[in-house]
Amino acid sequence: MKVTVVGAGAVGASCAEYIAIKNFASEVVLVDIKEGFAEGKAMDLMQTAPLNGFDTRIVGVTNDYSKTAGSDVAVITSGIPRKPGMTREELIGTNANIVKSVVEQLVKYSPNVIVIVVSNPMDTMTYLVRKATNLPKNRIIGMGGALDSARFKYRLAEALECPLSDVDGMVIAAHSDTGMLPLTRLATRNGVPVSEFLCEDKLANVTQETKVGGATLTKLLGTSAWYAPGAAVSALVQAIACDQKKMFPCSVVLEGEYGQSDICLGVPVIVGRNGVEKIVEIKLNDAEKAKFQESAAAVREVNKDLNS
Ligand code: NAI
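Residues numbered from 1 in each chain as written. Predicted model: local features only at pLDDT ≥ 70, side-chain atom pairs only at ≥ 80, totals over all residues. Heavy atoms only, no water.

1. What about the overall build of the protein?
Stage number 1. The helix and strand tally for the protein stands at 10 helices and 14 strands.
Stage number 2. Radius of gyration (C-alpha) of the protein: 19 Å, near the 19 Å computed for a compact globule of 308 residues.
Stage number 3. Overall, the C-alpha framework of the protein stretches about 55 × 45 × 35 Å when taken along its three principal axes.
Stage number 4. In the protein, buried positions account for 53% of the 308 residues.
Stage number 5. Of the contacts made within the protein by residues no fewer than 6 positions apart, 70% connect residues no fewer than 24 positions apart.
Stage number 6. Only carbon and sulfur atoms are counted for the fraction: they give 51% of the accessible area of the protein, which is about 13,500 Å².
Stage number 7. The distance from the centre of the 32 positive side-chain charges to the centre of the 34 negative ones in the protein is 2 Å. (Helix = DSSP H or I, 4+ residues; strand = E, 2+ residues; numbered from the N terminus. Rg over C-alpha atoms; globule rule 2.2 N^0.38 Å. Buried < 20%, exposed > 50% of the residue type's maximum accessible area, 1.4 Å probe, protein only. Contact = heavy atoms within 4.5 Å. Areas by Shrake-Rupley, 256 points an atom, 1.4 Å probe, with all protein chains shown as cover. Lys, Arg positive; Asp, Glu negative; His and termini not counted. Charge placed at Lys NZ, Arg CZ, Asp CG, Glu CD.)

Put into structure tokens, the structure is as follows:
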């Protein structure tokens, strides 16, 4: 399994590190536009191999896409992250140009690649990848819901005062502060609905903390987070590499599912060797349906900026 990670910044390097440590890929190629940067990150990471005991070869290149040829999976993290007080949507102007030029190079050298989009605004960047490449929809995955769900579980465990491994829950819809939809109704603690333990106010608080999870970290760090984003991407890459058929909420091309078309939005999908192997349509209640539609409408508005 050959994996390319474009953008050797905070998220790209963290993602490469987790992939290497998990030892399922033969090679990771890190690409960056900054002269020597990816080479330096790759060398530093390779020098952890004798300490961490992995065999994955990590190579860094400055904008040389010929070295990415034959990649099975490519992760796009290139672009600018938000600063405190910014929304993800404000990044569109800069990141759309970067993502478009990057994905064209990737597909040129790896026509069979499965693309995982991380750059923000992620749902719109995923849609842009579909428009720019017309790759089959199973080979386009936007990473947001896997991270948001991890943040949701963190907040649930905190409210429940229980171990994180006892809770399960999922966040669907847009990867944005206002558009994401933590499904509290379906969240459980060891199979028991969390509403058995938490009152409405506490659940509303968990929902709100989850939605602003990225913004909270951006305020603390001065830039956006990288450990959990890197771990979430590596879990998706591993599901593909090891054909795990694991379910994650991912931003995918919708063609009628959840009543939406001509959009990429977060819904539960089965991820395996072929990328998105199945979109899982869960029954939403009326309130959830309304929120999902609202979220889709907001993403459509941002998508319009791609043409301006
Ligand atoms: P960063 O600034 O640390 O790294 C970005 C890297 O991209 C830099 O090293 C830069 O030189 C490189 N780059 C810029 N233009 C390039 C090009 N044309 N070709 C190759 N490399 C290029 O930023 P960070 O923190 O790693 O974030 C990256 C992106 O991921 C941001 O857009 C951020 O908002 C997004 N993000 C998305 C998450 C998600 O859940 N989808 C979570 C966290 C961040």
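2. Some remarks on the site of the ligand
Stage number 1. What surrounds the ligand is a group of 28 residues, the closest being A10, V11, D32, I80 and M143.
Stage number 2. Residue D32 places a side-chain N or O atom 2.6 Å away from an oxygen atom belonging to the ligand.
Stage number 3. In this structure, M143 approaches the ligand through a main-chain N or O atom, which is 2.8 Å from a nitrogen atom.
Stage number 4. The protein chains hide 88% of the 870 Å² of surface that the ligand would expose on its own.
Stage number 5. When atoms are counted within 2 Å of each cavity's grid points, the one that captures over half of the ligand is the largest pocket.
Stage number 6. Ranked by the residues each element gives to the shell around the ligand, the list is headed by helix α4 (residues 92-109), at three residues.
Stage number 7. A per-class count over the shell around the ligand returns 16 nonpolar, 10 polar and two charged. (Near = heavy atom within 4 Å. Polar contact = N/O pair within 3.5 Å; in protein donor to acceptor, adjacent residues only side chain to side chain. 1 Å grid on protein atoms, 1.4 Å probe; cavity = no way out; pocket = protein on both sides within 12 Å on 5 of 7 lines; lining within 4 Å. Sits in = over half its atoms within 2 Å of the grid points. Nonpolar A, V, L, I, M, F, W, Y, C, P; charged D, E, K, R; others polar.)

3. Side note on the sheet that holds strand β10 (residues 188-189)
Stage number 1. In spatial order, the strands read β7-β10-β11; together these three strands make up an open sheet with antiparallel pairing. Single-partner strands in this sheet number two, and they are β7 (167-168) and β11 (192-193).
Stage number 2. In this sheet, β10 lies alongside β7 in antiparallel orientation, the contact comprising two bridges. Looking at β10, one finds that V167 is bridged to R189. (Pairing = 2+ DSSP bridges.)

4. Details of the pattern of salt bridges
Think of it this way: side chains of opposite charge can pair up when their charged atoms draw near.
Stage number 1. A complete count under the given rule lists 17 salt bridges for this structure.
Stage number 2. Taking the shortest distance from any N to any O, the salt bridge between E257 and K137 comes out at 3.9 Å. Of this pair, E257 sits in the loop between β12 (246-255) and β13 (261-272) while K137 sits in the loop between α5 (122-133) and β6 (140-142), and the two are 120 residues apart along the sequence.
Stage number 3. Among the residues examined, E257 registers a relative accessible area of 14% and is labelled buried. (Salt bridge = Lys/Arg side-chain N within 4 Å of Asp/Glu carboxyl O.)

5. Concerning the nonpolar core
Stage number 1. With 56 residues, the main nonpolar core has V3, L30, V75, I116, M143, V237 and F292 as its most contacted residues.
Stage number 2. Listed in part, the 24 residues of the second largest apolar core include A74, I76, L135 and V302. (Core = buried A, V, L, I, M, F, W, Y, C linked by side-chain atoms within 4.5 Å.)

6. Side note on the layout of surface pockets
Stage number 1. Taken as a whole, the largest pocket holds about 790 Å³ of empty space.
Stage number 2. Broken down by element, the residue count for the lining of the largest pocket peaks at five residues, all from α4.
Stage number 3. Considering only residue class, the lining of the largest pocket consists of 18 nonpolar, 18 polar and five charged.
Stage number 4. By volume, the second largest pocket is sized at about 510 Å³.
Stage number 5. In this structure, the second largest pocket is lined by 26 residues; those nearest its centre are A146, S149, K153, G169 and F248.
Stage number 6. Classifying every residue of the lining of the second largest pocket by side-chain character gives 16 nonpolar, five polar and five charged. (Points joined across faces, edges and corners; volume = space filled by probe spheres on them.)

7. Quick notes on empty space enclosed by the protein
Stage number 1. Within the structure shown, the criterion is met by one cavity of 30 Å³ or more.
Stage number 2. The volume enclosed by the largest cavity comes to roughly 50 Å³.
Stage number 3. Lining the largest cavity are 15 residues, with G144, G145, D148, A173 and G266 positioned closest to its centre.
Stage number 4. In the lining of the largest cavity, the residues fall into eight nonpolar, five polar and two charged.

It is worth stressing that arrangement in space is one thing and function is another; only the former is reported here.
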